[in-house]
Amino acid sequence: MTFVTHARLPLFEDFTLGRIVVTEMRALHEQGIVDSLAFVVMPDHVHWLVTLDHGKLAGIAQTMKGRCARRINKERRTTGPVWQPGYYDHALRADEDLRKQARYIVSNPLRAGLVGSISDYPLWDAAWLELG
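Rules and cut-offs
Residues numbered from 1 in each chain as written. Predicted model: local features only at pLDDT ≥ 70, side-chain atom pairs only at ≥ 80, totals over all residues. Heavy atoms only, no water. Helix = DSSP H or I, 4+ residues; strand = E, 2+ residues; numbered from the N terminus. Expected span 1.5 Å × (residues − 1). Buried < 20%, exposed > 50% of the residue type's maximum accessible area, 1.4 Å probe, protein only. Contact = heavy atoms within 4.5 Å. Pairing = 2+ DSSP bridges. pLDDT = per-residue confidence, 0-100. Salt bridge = Lys/Arg side-chain N within 4 Å of Asp/Glu carboxyl O. Core = buried A, V, L, I, M, F, W, Y, C linked by side-chain atoms within 4.5 Å. Arc of directions from axis to C-beta. Polar contact = N/O pair within 3.5 Å; in protein donor to acceptor, adjacent residues only side chain to side chain. Phe/Tyr/Trp six-rings, centres within 6.5 Å; stacked < 30°, edge-to-face > 60°. Lys NZ or Arg CZ within 6 Å of the ring centre and 35° of its normal.

A. Representation of helix α2 (residues 57–76) within the structure. The end-to-end C-alpha distance of α2, which contains 20 residues, comes to 28 Å, matching closely the 28 Å that a straight helix rising 1.5 Å per residue would cover. Every buried residue belonging to α2 is among I60, A61, M64, K65, G66, C68, A69, I72 and N73, and all of these are buried. Residues of α2 that are buried make contact with β1 (2–4), α1 (15–30), β2 (34–41) and β3 (45–52).

Listed below in structure tokens is the structure:
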């Protein structure tokens with residue numbers, strides 16, 4: 001799944017706001033709603049590779065975005081939209097390699113030129129990943 005910030009504002013250049021997103025994704029994982037396999041929080045969007053344990057993708061996206069928006073607006077002392085409406089998704093076929101997809105997701109900061117090494121970027125994680 002991919003979520004994009006409202007007006008593509010680079011909200012997550014602020015590490016505190018990026019950590020809110022990470023916390024909410026992990027909460028959904030810990031609650032058993034999704035199995036979070038990999039994610040990266042970019043300055044103006046989020047990529048998240050999950051498998052569904054309960055519920056439908058649209059409901060999970062709405063829950064995650066809503067929780068984040070409330071906390072981000074509270075942190076910023078603002079109101080209004082944090083995210084663009086909707087989300088992008090891509091269902092992986094059984095023959096697609098999850099580890100390859102995870103590597104692609106977490107490599108976004110490298111491709112965007114934000115860091116020289118993924119180890120220098122703080123807002124990503126993967127259930128399993130060998131970068132070597």
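So that's the structure; there's more coming.
B. View of the pairing of β3. Here β3 lies mainly inside the structure; 6 of its 8 residues are buried. Pairing of β1 with β3, which is carried by 3 bridges, proceeds in the antiparallel orientation. The partner of T2 across the bridge, within β3, is H47. In terms of strand pairing, β2 meets β3 through 7 bridges, oriented antiparallel. The partner of A38 across the bridge, within β3, is L49. In sequence, β2 turns back onto β3 through a hairpin of 3 residues.

C. Structural context of the confidence of the model for the protein. Per-residue confidence for the protein averages 92 on the pLDDT scale, and 95% of its residues sit at or above 70. When pLDDT is averaged over each helix and strand of the protein, the minimum, 90, is found for helix α3 (residues 98–106) and the maximum, 98, for β1.

D. Layout of the pattern of salt bridges. All told, the structure shown has 4 salt bridges when counted by the stated rule. When the shortest N-O distance is used, the salt bridge between R67 and E24 registers 3.8 Å. Here the residue R67 occupies a position in helix α2, and E24 occupies one in helix α1, the gap between them amounting to 43 residues. Overall, the relative accessible area of 22% leaves R67 in the partly exposed class.

E. Structural detail: the nonpolar core. Of all hydrophobic cores here, the largest spans 37 residues; its most connected members are F12, V21, V41, W48 and W83. Of all the elements in the fold, those that place two or more residues in this core are α1, β2, β3, α2 and α3.

F. Local environment of α3. Along α3, the residues classified as buried are A102, I105 and V106. Burial along α3 is one-sided: seen end-on, the buried residues are contained in an arc of 85°. Contacts from the buried residues of α3 go to β2, β3, α4 (108–111) and β4 (124–126). Here α3 starts with a cap whose side-chain oxygen sits 3.0 Å from the backbone nitrogen of R99, and that cap is D97.

G. How the structure looks around the environment of S107. Within the secondary structure layout, S107 lies in the loop between α3 and α4. Remark: the alpha-carbon pair of S107 and W124, spanning 17 residues in sequence, is separated by 9.2 Å.

H. Broad picture of the packing of aromatic side chains. By the definition in use, this model includes 3 aromatic pairs. With 6.4 Å between their ring centres and 55° between their planes, F3 and Y87 make a pair best called tilted. Here the residue F3 occupies a position in strand β1, and Y87 occupies one in the loop between α2 and α3, the gap between them amounting to 84 residues. Taking the relative accessible area as the measure of exposure, Y87 reaches 26% and is therefore partly exposed. Grouping aromatic residues by their ring pairs yields a cluster made of F3, F12, W83 and Y87. Here the basic side chain of R111 rests over the ring of Y104, its NZ or CZ set 3.9 Å away from the ring centre.

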